[in-house]
Structures are given as C-alpha cells and as structure tokens.
Amino acid sequence: MKKLLTTAIAAAMLAVAPCANAETHYKPHISVGGHAGMSMSQMSFSPSISQKWANGLTMGIQARYAEEKIFGLIGELNIVQRGWAESFDEHPELQYSRSLTYVSIPLMTHIYFGPRRFKFFVNLGPEFSYMVSDNISSNFDYRNPQAAGIPASRHCEQMSMDIHSRFDYGITAGLGAEYYIRPRHSVYIEARFYYGLGNIYPSSKADTFSASRSMNLAITAGYNFRLK
C-alpha cells in the first residue's frame with residue numbers, strides 16, 4: 001500500500017514538470033473555489049466484519065493551478081465524515097454506526113480535456129487527514145453485545161475500541177465534469193474515491209485487527225472562480 005502512495009506522489013511531481021517547463025504561450029490559470037456533497041464510507045477490516053455503507057457529509061475549499069495544455073495541480077482543505085455502519089443479519093432491528101470526522105488535505109494531479117466551455121477531468125494524488133471527532137450511534141449496549149442477542153462468535157471489539165491513530169494517509173482519485181458559465185466562472189461535479197493506508201486500531205500480530213483502513217466515496221458539486 002505504501003508503494004501506491006509513493007507512486008501517486010511521483011505522478012503528481014511528474015505532472016508539475018510540463019507546467020514548469022511550458023512554453024510562454026501557455027497561459028497559466030489560478031482558480032479558487034468551494035465544494036460540498038455527500039459521502040459513503042466503510043472500513044477495510046481484517047478479519048472482516050459485516051458492514052453497510054455509512055452516510056456522511058463533505059465540504060471544503062480548493063486552490064487550482066492549471067496550464068492551458070491539459071495538466072494542473074489541486075490542493076484542498078476539506079472536512080469529511082468517514083466511518084462505518086454494522087450490519088446485523090441475524091438482528092436487523094439493531095443499529096450501530098461510528099462517524100469519524102477528519103480534516104483532510106488532498107494534493108492532486110489535475111488532468112482535463114474537452115472543448116473550451118465544457119471539460120472532463122481526472123484527479124489523482126495522496127491525501128493526508130487528521131481525525132477531529134469520533135461519534136457512536138447505537139440503539140443497544142455495544143459494550144455488552146451478547147445482551148442484545150449478538151452471538152459471541154461475531155467480531156464486536158471494533159464497536160467499543162478506542163481510536164489508536166487519528167492521523168490517516170492514503171490515495172484519492174476522482175472523475176468529474178466542469179462547465180464554464182463565463183471565462184472566469186465555472187461549476188463542476190465530481191465523484192471521488194479514497195482508500196486509506198493507515199490503521200485506526202493497533203495492527204501488530206498480537207492485536208485484534210491486522211488492518212482497519214478507511215474507504216470513502218464522495219459525490220460533490222462545486223464552484224470555481226479564476227483569479228488569473
């Protein structure tokens with residue numbers, strides 16, 4: 001997984017080269033904007049547990065540097081809700097979800113193409129996050145799951161364990177489309193997937209989980225204003 005992060009960072013650095021060495025007739029564009037939308041999250045646990053997608057919100061601000069060719073760079077500051085929701089097939093009336101709210105900073109290569117007013121784009125790069133809140137919602141005593149009829153053979157430790165690491169890092173990739181209302185004003189939509197490489201719980205051989213990584217799918221709509 002760490003090799004994937006290294007590859008993404010290298011791809012972002014390679015994208016800078018065409019921008020830095022571009023001919024003077026490629027006019028650089030600098031834009032700022034904001035976006036908001038919804039997210040759906042699960043955790044990649046090993047051993048695995050039965051889960052449903054947990055719904056959340058995401059919002060943030062963006063700064064973008066782009067050459068007229070096809071390459072650019074994007075930096076963002078976001079608030080995003082990740083986490084998971086347990087699935088109890090044997091007791092569908094039971095509900096448990098854990099919402100993990102992060103401040104995240106994606107640094108991405110921006111590749112775009114299309115006619116002057118309507119463009120498609122691909123974003124790819126590393127993302128670094130820090131957890132600022134941890135909230136549990138449950139309609140039973142998750143610290144004593146057997147009292148609710150949950151079999152002892154089911155993994156339940158994750159429901160009551162304290163977060164071990166609030167820092168997370170991973171790979172993010174998105175696909176979207178942007179429409180220029182005016183030369184300096186544009187709106188866009190994007191679908192973006194994030195896969196975390198850090199574990200929220202201890203992951204040594206003696207621990208309960210060898211992996212506890214975030215997975216997040218976000219759908220956002222945004223607005224950009226070109227400064228230059």
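This report concerns the structure included in the present document.

## Observations concerning the overall build of the protein chain
Now for step 1: From N to C terminus, the protein chain includes 2 helices and 9 strands.
Now for step 2: Counting the 228 residues in the protein chain, one finds 43% classified as buried.
Now for step 3: Considering only contacts within the protein chain whose residues lie at least 6 apart along the sequence, 72% involve residues at least 24 apart.
Now for step 4: When the accessible surface of the protein chain is totalled, it reaches about 11700 Å², and 62% of it is carbon and sulfur.

## Side note on the pairing of strand β4 (residues 71-86)
Now for step 1: Pairing analysis gives 2 bridges linking strand β2 (residues 51-52) to β4, with the strands arranged antiparallel. Within the sheet, the bridge partner assigned to Lys-52 lies in β4 and is Ala-85.
Now for step 2: The sheet contact formed by β4 and strand β5 (residues 96-113) spans 13 bridges and is antiparallel. Looking across to β5, one finds that Gly-75 is bridged to Leu-107.

## Notes on the environment of Gly-170
Now for step 1: One can find Gly-170 in strand β7 (residues 167-182).
Now for step 2: In this structure Gly-170 comes out as buried when scored by relative accessible area, which is 0%.
Now for step 3: Along the backbone, Gly-170 and Phe-128 are 42 residues apart, and their C-alpha atoms lie at a distance of 6.8 Å.

## Structural notes on the nonpolar core
Now for step 1: Grouped together as the largest cluster of nonpolar side chains are 21 residues, with contacts concentrated most on Trp-84, Phe-140, Ile-200 and Tyr-201.
Now for step 2: When residues of this core are traced back to their parent elements, those giving at least two are β1 (29-46), β4 and β5.
Now for step 3: Tallying contributions element by element places β5 first for this core, with 3 residues.

## Thoughts on a nonpolar patch on the surface
Now for step 1: Taken together, the side chains of Ile-70, Ile-111, Phe-113, Phe-118, Phe-120, Val-122, Leu-175, Tyr-179, Ile-181, Val-187 and Tyr-223 define a hydrophobic patch exposed on the protein surface, amounting to about 910 Å² of accessible area.
Now for step 2: Elements represented by at least two residues in the nonpolar patch include exactly β5, β6 (118-138) and β7.
Now for step 3: Topologically, Ile-181 is positioned in strand β7.

## Section: the pattern of salt bridges
Now for step 1: Evaluated as defined, the whole model comprises 7 salt bridges.
Now for step 2: Where Arg-154 meets Glu-86, a salt bridge forms, and the shortest distance between an N and an O atom there is 2.9 Å. Separated by 68 residues along the polypeptide, Arg-154 in the loop between β6 and α2 (157-160) and Glu-86 in strand β4 bring together distant segments of the chain. Note on accessibility: Arg-154 and Glu-86 belong to one class, buried.

## Observations regarding the pairing of β6
Now for step 1: As defined by bridge partners, β5 adjoins β6 across 16 bridges and the pair is classed as antiparallel. Bridge pairing in β6 places Ile-111 opposite Val-122.
Now for step 2: The turn joining β5 and β6, which pair antiparallel and follow one another in sequence, is formed by 4 residues; a positive phi near 130 degrees is taken by Gly-114.

The rules behind each value
Residues numbered from 1 in each chain as written. Predicted model: local features only at pLDDT ≥ 70, side-chain atom pairs only at ≥ 80, totals over all residues. Heavy atoms only, no water. Helix = DSSP H or I, 4+ residues; strand = E, 2+ residues; numbered from the N terminus. Buried < 20%, exposed > 50% of the residue type's maximum accessible area, 1.4 Å probe, protein only. Contact = heavy atoms within 4.5 Å. Areas by Shrake-Rupley, 256 points an atom, 1.4 Å probe, with all protein chains shown as cover. Pairing = 2+ DSSP bridges. Core = buried A, V, L, I, M, F, W, Y, C linked by side-chain atoms within 4.5 Å. Patch = residues over 30% accessible without salt bridge, like charges linked within 9 Å, V, L, I, M, F, W, Y side chains within 5 Å. Salt bridge = Lys/Arg side-chain N within 4 Å of Asp/Glu carboxyl O.

All we've got here are geometric facts, nothing functional implied.
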